[in-house]
Amino acid sequence: MTGDEAYAGSRSFDRMAESVRDVMGYELVIPTHQGRGAEHLFFQNFVQPGDIIPMNMYFTTTRAHLELAGGEFRDIICDEAHDTSSDFRWKGNVDLRKLDLLVQQYGSEHVRAVSIAPDVNMAGGQPFSMHNLRELRAYCNGHDIRVFLDVTRIAENAWFIKHNEDGYAGWSIRDIIREICANSDGAWMSSKKDGLVNMGGFLAFQPWEEELFARCRSQVVVYEGLHTYGGMSGRDMESLAVGLHEVCDDDYLSCRHSQLELLHGMLSRAGVPLVNPCGGHGVFLDARAFLPHVDQDHYPAQMLAAQIYLQCGVRTMERGNVSSGRDPQTGRNRRPKLELVRLAIPRRVYTESHLEYTAEGIIEVYERRHSIHGLEMTWEPDILRFFQARFQPHPDTTPAVEHEMHLSVPPKHYW
Ligand SMILES: *Cc1c(COP(=O)(O)O)cnc(C)c1O
């Protein structure tokens, strides 16, 4: 209700930028319509063709914007992150030896920055430790490499640090968030997640990144909107100003985490293969172990997501071979080690009964897993294919009768 919809100089932008400064400590703030808008500005203005940007695993839109800007992604996440059976608490950590090898190979003139995400989505919502981030920062300072964060899920990562890492139990979530950000040069955020709002994002920098900030800000008007709203409405900026403070509430975060543990526990007790330990924003099914008879190029996680939807109407998300896309050099599917289905839990939406219903549906799918076959892709976009690709039951592996039955359902066209 108090959103200031002024085209120029919206007071809601001032309040939003003030919240970013209070909670994260970044001085320089550029609003964008959502996270990928911030990624676009950042990578277009930072990356030079041939740059290598190491990350703790990857996020789909982040890697796409890096590659569109002529850079290349390298994974420096620790090995445990790729192993669904490992119980290691800090699977979001980077392996400094992997980073050091890249620096030796390409030199720090090509490895000019690393990009680190808290609560790593593609690894199953796994956090990094403050200790690991500090070590990374020290290494990067010694090699003139900048550290940029994707702070989309920073509060959930901070919660893990407070409750699991030695020495942080007495810290507030906000102080932990500030400490994480203090170990970086800048960040981008999709506020749809830990901003607790429906829409928005931002790009933010430390004061010493004034020049990069100015370049990005001069382009926000080309792609997003004036630099005092960047594609967000006044009410969205006003909500974000509040959301960034509310997300620092340890009771809220603990309550959210207990919902995740509840769902994880129900599925785990029924023997459904999962990513362990339970992540910070969702429960992740291990589709490789769920459907071991389906080859990865027949998209087991995509099929599992479809089967869950048919079974109980719960919409989940493939995070495996489809999301990972094709290797630009070979044109082949990347076949990542992790073939997952994500059950992301929306913030402040569900009750325990919703989660019980979801678990029951998935357990029913698990009981009939042997009769589930693979998929083939019938239409594939060039970039970020997982958003719009289409599939049908794979004709080679699906029994003929069943295949006919599936195909007799008329395809739905949504656009
Ligand atoms: C959602 C997300 C993005 C992209 O943000 P949008 O707001 O969806 O454009 C980037 N990084 C991470 C880690 C995300 O979860």
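Residues numbered from 1 in each chain as written. Predicted model: local features only at pLDDT ≥ 70, side-chain atom pairs only at ≥ 80, totals over all residues. Heavy atoms only, no water.

A. Expanded view of the site of the ligand. Around the ligand, the neighbouring residues are Q34, G35, R36, E39, F59, T61, D150, T152, R153, S190, K192 and K193. Between the ligand and R36 there is a distance of 2.7 Å, counted from an oxygen atom to a side-chain nitrogen or oxygen. At 2.7 Å, a side-chain N or O of D150 approaches a nitrogen atom of the ligand. Counting residues per element, the shell around the ligand draws most heavily on helix α2 (residues 35-46), which supplies 3 residues. (Near = heavy atom within 4 Å. Polar contact = N/O pair within 3.5 Å; in protein donor to acceptor, adjacent residues only side chain to side chain. Helix = DSSP H or I, 4+ residues; strand = E, 2+ residues; numbered from the N terminus.)

B. Just the pairing of strand β8 (residues 282-286), in detail. Counting buried residues along β8, 5 of its 5 residues qualify, which places the element largely inside the surrounding structure. Covered by surrounding structure in β8 are G282, F284 and D286 together with V283 and L285, the residues of both alternating faces. Sheet topology note: the β8/strand β10 (residues 340-344) ladder contains 5 bridges and is antiparallel. Bridging from a neighbouring strand, G282 pairs with A344 of β10. (Buried < 20%, exposed > 50% of the residue type's maximum accessible area, 1.4 Å probe, protein only. Pairing = 2+ DSSP bridges.)

C. Local environment of the domain arrangement of the protein. If you check the domain split of the protein, you get domain 1 (11-246) and domain 2 (250-414). The C-alpha-based centres of domain 1 and domain 2 are spaced at 27 Å. Taken together, the 38 residues of domain 1 in the interface contact 31 residues of domain 2. Together domain 1 and domain 2 conceal approximately 2,700 Å² of surface at their shared face, both sides included; 56% is due to carbon and sulfur atoms. A per-residue breakdown of the area domain 1 buries against domain 2 is headed by T84, E156 and W159, which together make up 21% of the total. Joining domain 1 to domain 2, the criterion identifies 5 salt bridges. Its salt-bridge partner being R348, residue E246 comes within 2.8 Å of it at the nearest N-O pair. Here domain 1 is connected to domain 2 by 17 residue pairs in polar contact (both at pLDDT 80 or more). Those elements that provide at least two residues to the side of domain 1 that touches domain 2 are α3 (60-68) and α6 (154-164). (Domains from an automatic or database assignment. Contact = heavy atoms within 4.5 Å. Buried area = accessible area lost by both parts, 1.4 Å probe. Salt bridge = Lys/Arg side-chain N within 4 Å of Asp/Glu carboxyl O.)

D. Structural view of the nonpolar core. The biggest cluster of nonpolar side chains holds 56 residues, and the ones touching the most others in it are M24, I177 and F202. Aside from chain neighbours lying at most four places away, what touches M24 is S19, V151, I154, I177, R178, C181, M189, F202 and L244. (Core = buried A, V, L, I, M, F, W, Y, C linked by side-chain atoms within 4.5 Å.)

E. Highlighting the side chain of R385. Here R385 shows up in the loop between β11 (375-379) and β12 (390-393). Owing to a relative accessible area of 4%, R385 belongs among the buried residues under this scheme. Excluding residues within four positions of it along the chain, R385 makes contact with Y299, N321, V322, G325, R326, N333, M377 and E380.

F. The arrangement of the side chain of R63 in detail. With respect to the secondary-structure elements, R63 resides in helix α3. A residue is classified by how much of its surface remains accessible, and R63, at 7% relative accessible area, is buried.

G. Broad picture of the pairing of strand β6 (residues 186-190). Among the 5 residues that make up β6, 5 are buried, leaving the element largely enclosed by the rest of the structure. Neither face of β6 is open: one carries G186, W188 and S190, the other A187 and M189, and all of them are buried. Of the pairings in the sheet, the one linking β6 to strand β7 (residues 201-205) comprises 5 bridges and is antiparallel in character. From the neighbouring strand, M189 faces β7, where its bridge partner is F202.

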